[in-house]
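The chain contents come next:
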Amino acid sequence: MEKIDPQVAAKVWQRVRGNEKPAEQIGIQTMVAWEKETEAILQWLLRRLPDKSYALQQLIADTRRHIACLQGIRQLNGEKIGAYSAGKSLSGEPVTLLRRCYSLCLQVGARYAARAEDEQYGGVFGDMARTKRRHCAMLLEILGGGVK
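Residues numbered from 1 in each chain as written. Predicted model: local features only at pLDDT ≥ 70, side-chain atom pairs only at ≥ 80, totals over all residues. Heavy atoms only, no water.

I'd like a description of the nonpolar core, backed by residues and values.
It is characteristic of soluble globular proteins that their nonpolar side chains tend to be buried jointly. Formed by 34 residues in total, the largest nonpolar core has its most connected members in Met 31, Leu 45, Leu 70, Tyr 112 and Phe 125. Counting residues per element, the ones that place at least two in this core are helix H2 (28-48), helix H3 (53-76), helix H4 (94-114) and helix H5 (122-144). The contacts of Leu 45, once residues within four sequence positions are left out, are Leu 56, Pro 94, Leu 97 and Leu 98. (Core = buried A, V, L, I, M, F, W, Y, C linked by side-chain atoms within 4.5 Å. Buried < 20%, exposed > 50% of the residue type's maximum accessible area, 1.4 Å probe, protein only. Helix = DSSP H or I, 4+ residues; strand = E, 2+ residues; numbered from the N terminus. Contact = heavy atoms within 4.5 Å.)

In structure tokens, the structure reads:
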């Protein structure tokens, strides 16, 4: 059987993926920014979709926990962290923002899953990846429930 050169395989995968950065190159601070944007969208949706408040409050609480975990990892790695805000004000149709939120959850969840084998923080990233998959299902449920 022929052996596969790891460097050649990496180059092939890079071409297949295009210009996407490998998960290892996406920094914790970028993930924090994605989570902050997610939180801002969820806060906006909470005000506009009061009938979905229970699910949205769960999503917001989980998102805040993820931000705290990421900030904790940054602190343990010697990075300075500061307070965070939920972000700028939003506008638009709920469906559009739900789609954006779903996209962010998929994106950051994939990054968490890619880091699930991390020696130091893999368990935390694995848990957060599972939570993001649940978030995706909840967002689809909200969309499927007749949001306009």
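Which residues make up the packing of aromatic side chains, and what values do they have?
Counting across every chain of the model gives one aromatic pair. An angle of 35 degrees between the planes, with centres 6.0 Å apart, marks the rings of Tyr 112 and Phe 125 as tilted. With Tyr 112 in helix H4 and Phe 125 in helix H5, this pair connects stretches of sequence that are 13 residues apart. Residue Phe 125 is classed as buried on the basis of its relative accessible area of 1%. (Phe/Tyr/Trp six-rings, centres within 6.5 Å; stacked < 30°, edge-to-face > 60°.)

A description of the packing of H2 against H4 should follow, citing residues and the corresponding values.
Where H2 meets H4, the closest approach of the two axes is 10 Å, and the angle between their N-to-C directions is 150 degrees. As judged from the angle between their axes, H2 and H4 are roughly antiparallel. Crossing handedness for the pair H2 and H4: left-handed. Here Met 31, Trp 34, Glu 35, Glu 37, Thr 38, Ile 41, Leu 42, Trp 44 and Leu 45 of H2 lie close against H4, whose contacting residues are Pro 94, Leu 97, Leu 98, Arg 100, Cys 101, Leu 104, Cys 105, Gln 107, Val 108, Arg 111 and Tyr 112. Grouping the constituent residues of the contact of H2 with H4 by class yields 14 nonpolar, two polar and four charged. (Axes fitted to C-alpha atoms, helices over the stretch in contact; angles between N-to-C directions. Parallel < 35°, antiparallel > 145°, perpendicular 65-115°, else oblique. Left-handed = near helix turned anticlockwise from the far one by under 90°. Nonpolar A, V, L, I, M, F, W, Y, C, P; charged D, E, K, R; others polar.)

Could you give me a rundown of the side chain of Thr 63, with the residues and numbers involved?
Looking at where Thr 63 falls in the secondary structure, it is placed in helix H3. Taking relative accessible area as the criterion, Thr 63 reaches 0% and is therefore assigned buried. For Thr 63, the residues in contact, after removing those within four places along its chain, are Glu 35, Thr 38, Glu 39, Leu 42, Lys 132 and His 135.

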